[in-house]
Amino acid sequence: MSSSRNVLVVGAGIAGLSVARALARRGMSVEIIERRSRPASGMGLFLPANAVRALAELGLQDRVAHLGTPVRSQQLRDSRGATLAEIYLSALWKDTGECVGITHDNLRAALAGAARVPVRTGTTVQSLTEYDSGVHVDFTGGGSGDYDLVVGADGIRSQLRRTVSPGAEPRYAGQICRRFLTDNHHAIDRWTVWLGRGTTFLAVPVSKDRLYCCADLSAPSPQGGEASDVAAWSAERFANRFAGFHPVVAHLLETPEAQDSYVSPIEEVSPRRWATAHTVLVGDAAHATSPNMAQGVAMAVEDALVLAECLDRPGETRDLLEEYRRRRLPRTRWVQAQARKRDRTRGMPPGVRNLLLRLGAERMYESAYAPLRDRP
Ligand SMILES: Cc1cc2nc3c(=O)[nH]c(=O)nc-3n(C[C@H](O)[C@H](O)[C@H](O)COP(=O)(O)OP(=O)(O)OC[C@H]3O[C@@H](n4cnc5c(N)ncnc54)[C@H](O)[C@@H]3O)c2cc1C
């Protein structure tokens, strides 16, 4: 039965730590392995209210409120700073709760503290063999173990996905992005985006005095050459595409943190299968998406809650994992579809897009997020 399950979680990101916390709370025995010796850092996150609600269900409400900062509205501006629309988040999310800005480091630390599950770092799966009642795993660097279930929480480039759904590779979504954290010298107190021609600059407060920035630009597909070579996008070349933006954006792109920031292509993935008899995918490994809906954390934590609920019932593991996928697939596909739609809107000629947003942003936000107000 459920509480005697012995589970290996692969990946100690937001999805992996959330799953560990959710399963351990239901009495399952959980171990985590993490490929990196030290966590990657330097990112910020905007957490819409359904993410904060899911984290609260893991018992993290107070930690998230303490470590993050409330975000009360989303303001859309044109590249020179004129306001196109402002979305008030208490009206959008109704009684779902508050939205929050937080650093990735702080959220991960809160989850790791809460999970109280051992994390073995600097190792990964060397080989994995499923048999009738479980899985045998050999680890890189030595050692092995037998588990009832292995959870692949190993992100968009998931190694476990190759076993579960061979051939399901990430697709380039057409943008390159540069992310960094800096001091909030301009006292930006809401989620604020400046929209240019194929260029977007987002700033979100993530604590009392820190600001998370994410600049993205459309670039040809990797097959076309340019975008595949992320290293070719120097800070200077990147900033040139934002010439003519509001001075606040220009200044943020000149900060030392922007010069030395993390550059990556935006990708998404939709594997046909999420599980075998004893291995299952969660978070970005199962459904990474273009980040413009800011639903990555929400979907990962909701996956964790639903997976724990399904596994806590009697039944064959294979059937319980199918139930998990059946419950999660429509919602994650919805988010992916909305994100693609947003990318198309952002990519329109600025005159048309800006008019569309002035007239219809509130309606667009309502239709994209309303289904996510329901519990997963
Ligand atoms: C530009 C950008 C901006 C974003 N902004 C937001 C936002 O504002 N709000 C939001 O909610 N979401 C946002 N997201 C998405 C969000 O960060 C993720 O969806 C969320 O963190 C869940 O990630 P994950 O834990 O599934 O994967 P990851 O964060 O990738 O974690 C996977 C972990 O597994 C480890 N790992 C990988 N392979 C192995 C292996 N073989 N063995 C062991 N360990 C392994 C990795 O080192 C890592 O620690 C953004 C994403 C991008 C790209």
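Our subject is the structure that appears above.
Residues numbered from 1 in each chain as written. Predicted model: local features only at pLDDT ≥ 70, side-chain atom pairs only at ≥ 80, totals over all residues.

Could you give me a rundown of the sheet that holds strand 2 (residues 29-34), with the residues and numbers involved?
Across the sheet, which stays open at both edges, the five strands sit in the order 8-2-1-12-18 with parallel pairing between neighbours. Whereas interior strands pair on both sides, the edge strands pair on one side only; in this sheet they are strand 8 (119-121) and strand 18 (279-281). Across the sheet, the axes of successive neighbouring strands diverge by a mean angle of 20°, strand direction being ignored. In the packing of helix 1 (residues 14-25) onto the sheet, contacts are made with strand 1 (6-10), strand 2 and strand 12 (149-152), and the angle to strand 2 comes to roughly 170°. (Pairing = 2+ DSSP bridges. Helix = DSSP H or I, 4+ residues; strand = E, 2+ residues; numbered from the N terminus. Axes fitted to C-alpha atoms, helices over the stretch in contact; angles between N-to-C directions. Contact = placed C-beta atoms within 7 Å.)

Kindly report on the site of the ligand, identifying the contributing residues and their values.
Around the ligand lies a shell of 32 residues, among which G11, G13, G155, G283 and G296 are the nearest. At the level of elements, helix 1, strand 2, strand 3 (44-47), strand 13 (171-183) and helix 11 (296-311) are the ones that each hand at least two residues to the shell around the ligand. The element contributing the most residues to the shell around the ligand is helix 11, with four residues. (Near = placed C-beta within 6 Å.)

So what's going on with unusual backbone geometry? Residues and values would help.
Backbone geometry follows two general trends: most residues other than glycine have a negative phi, and most peptide bonds adopt the trans configuration. Positive phi, normally seen in glycine, also occurs at A187, with a value near 50°. With respect to the element layout, A187 can be found in the loop between strand 13 and strand 14 (191-195). Backbone geometry at A294 places phi at a positive 50°, although glycine is not the residue there. With respect to the helices, strands and loops of the structure, A294 is situated in the loop between helix 10 (284-287) and helix 11.

Give a description of the pairing of strand 12 that names residues and reports values.
Burial along strand 12 is two-sided: the face carrying L149 and V151 and the face carrying V150 and G152 are both buried. Direction of pairing for strand 1 relative to strand 12: parallel, over a ladder of four bridges. Paired with V9 across the bridge in strand 12 is V151. Pairing of strand 12 with strand 18 involves three bridges; the strand directions are parallel. If you follow G152 over to strand 18, its bridge partner there is L281. (Buried ≥ 20, exposed ≤ 12 C-beta atoms within 10 Å, placed from the backbone.)

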